[in-house]
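Take a look at the letters that make up each chain.
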Amino acid sequence: MVRKSKDVYFAEIADLVSSRSTCLRNQVGAVLVKDGQILSTGYNGAPRGLPHCSEVGCLRERLGVPPGERHELCRGLHAEQNAIIQAAYHGVSVRGAILYCTTRPCSICTKMLINAGIEEIIYIEEYDDKLAAELVKEAGLKIRRVDVPRRYGRTARQAD
């Protein structure tokens, strides 16, 4: 029997977490891990107690907003944001943690991850955001891609 690496294990968990997403365009999952232990998880969706896009529709879709633009028009939070918020809600420090995410974080999430003290980002799929790449480099944040097939979350590319 071949044992999975921790990177594959936690990346696959992030993919499973993405299956809870209520986003109609791109299901993303995130897992914050420290010392080999899961601190919190997050998926993209509306704030607690509010209707999800799967219930009320997608404003960005109705307006024809391309992927990666005008994030402020979305009623949902990103998976990375929800993972950080979930940890804070329960009083768990994420400083020094590793983020496993199904998608490379956008610039908004990257800024949050830097300020939260995340030391490394490990992701499955690319997301083209030049500012995010610049911020990662400037902050000296470790980032790398892991080769794990997506099984659970639907991506924008799969929807086409």
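Our structure is the block above this text.
Everything numeric in this text was worked out from a predicted model, so none of it was measured. (Residues numbered from 1 in each chain as written. Predicted model: local features only at pLDDT ≥ 70, side-chain atom pairs only at ≥ 80, totals over all residues. Heavy atoms only, no water.)

Participant: Before we move on, can you summarise the overall build of the protein chain with the specific residues and values?
Facilitator: Tallying secondary structure elements over the protein chain gives seven helices and five strands in all. Across the protein chain, helices and strands are ordered from the amino to the carboxyl terminus as α-β-β-α-α-α-β-α-β-α-β-α. The globule rule puts the C-alpha radius of gyration for 160 residues at 15 Å, and the 15 Å found for the protein chain is close to it. Taking the principal axes of its C-alpha atoms as reference, the protein chain extends roughly 45 × 40 × 30 Å. Looking at the protein chain residue by residue over its 160 residues, the buried ones come to 44%. In the protein chain, the share of contacts with a sequence separation of at least 24, taken over all contacts with a separation of at least 6, comes to 58%. Across the protein chain, 23 positive and 19 negative side-chain charges occur, with their mean positions spaced 4 Å apart. (Helix = DSSP H or I, 4+ residues; strand = E, 2+ residues; numbered from the N terminus. Rg over C-alpha atoms; globule rule 2.2 N^0.38 Å. Buried < 20%, exposed > 50% of the residue type's maximum accessible area, 1.4 Å probe, protein only. Contact = heavy atoms within 4.5 Å. Lys, Arg positive; Asp, Glu negative; His and termini not counted. Charge placed at Lys NZ, Arg CZ, Asp CG, Glu CD.)

Participant: Tell me what's going on with the layout of surface pockets, and back it up with residues and numbers.
Facilitator: If a probe as big as a water molecule is rolled over the atoms, it shows which places are left empty. Here the second largest pocket defines a volume of roughly 320 Å³. Of all the secondary structure elements, the ones that give two or more residues to the lining of the second largest pocket are β2 (37-43) and α4 (79-89). A per-class count over the lining of the second largest pocket returns six nonpolar, seven polar and one charged. (1 Å grid on protein atoms, 1.4 Å probe; cavity = no way out; pocket = protein on both sides within 12 Å on 5 of 7 lines; lining within 4 Å. Points joined across faces, edges and corners; volume = space filled by probe spheres on them. Nonpolar A, V, L, I, M, F, W, Y, C, P; charged D, E, K, R; others polar.)

Participant: Give me the lowdown on the pairing of strand β3 (residues 98-103), citing residues and values where you can.
Facilitator: In terms of burial, β3 is largely enclosed, as five of its six residues are buried. Of the pairings in the sheet, the one linking β3 to strand β4 (residues 120-125) comprises five bridges and is parallel in character. Within β4, the residue paired with Leu-99 across the bridge is Ile-121. Between the parallel elements β3 and β4, the chain passes through helix α5 (residues 107-116) in a crossover that is right-handed. (Pairing = 2+ DSSP bridges. Right-handed = clockwise from strand over helix to strand, strands pointing away.)

Participant: How would you explain the packing of α4 against α5 if you had to name every residue and give the values?
Facilitator: A pair of packed helices can be characterised by two numbers: the angle between their axes and the separation between those axes. Across the interface, α4 lies against α5 with an axial gap of 9 Å and an inter-helix angle of 30°. Put simply, α4 runs roughly parallel to α5. Considering how the two elements wind past one another, α4 and α5 form a crossing that is left-handed. Across the interface between the two elements, Glu-80, Gln-81 and Ile-84 from α4 touch Ile-108, Cys-109, Met-112, Leu-113 and Ala-116 from α5. Within the contact of α4 with α5, the residues separate by chemical class into six nonpolar, one polar and one charged. (Axes fitted to C-alpha atoms, helices over the stretch in contact; angles between N-to-C directions. Parallel < 35°, antiparallel > 145°, perpendicular 65-115°, else oblique. Left-handed = near helix turned anticlockwise from the far one by under 90°.)

Participant: Which residues make up the pattern of salt bridges, and what values go with them?
Facilitator: Between side chains of opposite charge, pairing is possible as soon as their charged atoms come close. Counted according to the given criterion, the structure contains nine salt bridges. Arg-150 is the partner of Asp-15 in a salt bridge, and the nearest nitrogen-oxygen pair spans 2.6 Å. Of this pair, Asp-15 sits in helix α1 (residues 6-18) while Arg-150 sits in the loop between β5 (142-145) and α7 (156-159), placing them 135 residues apart in sequence. Residue classification places Asp-15 among the buried positions, given a relative accessible area of 2%. Look at Arg-150 and you get buried, because its relative accessible area is 12%. Where Arg-150 meets Glu-125, a salt bridge forms, and the shortest distance between an N and an O atom there is 3.2 Å. (Salt bridge = Lys/Arg side-chain N within 4 Å of Asp/Glu carboxyl O.)

Participant: Got a sec to walk through the packing of α5 against helix α6 (residues 130-139)? Specific residues and values, please.
Facilitator: It is the contact of α5 with α6, at a shortest axis distance of 8 Å, that shows an interaxial angle of 20°. Overall, the two elements α5 and α6 adopt an arrangement that is roughly parallel. Relative to α6, α5 is oriented so that their crossing is right-handed. Two secondary-structure elements touch here, α5 through Ser-107, Thr-110, Lys-111 and Ile-114 and α6 through Leu-131, Ala-132, Leu-135, Val-136 and Ala-139. Grouping the amino acids of the contact of α5 with α6 by side-chain chemistry returns six nonpolar, two polar and one charged.

Worth remembering: the numbers are spatial, not functional.
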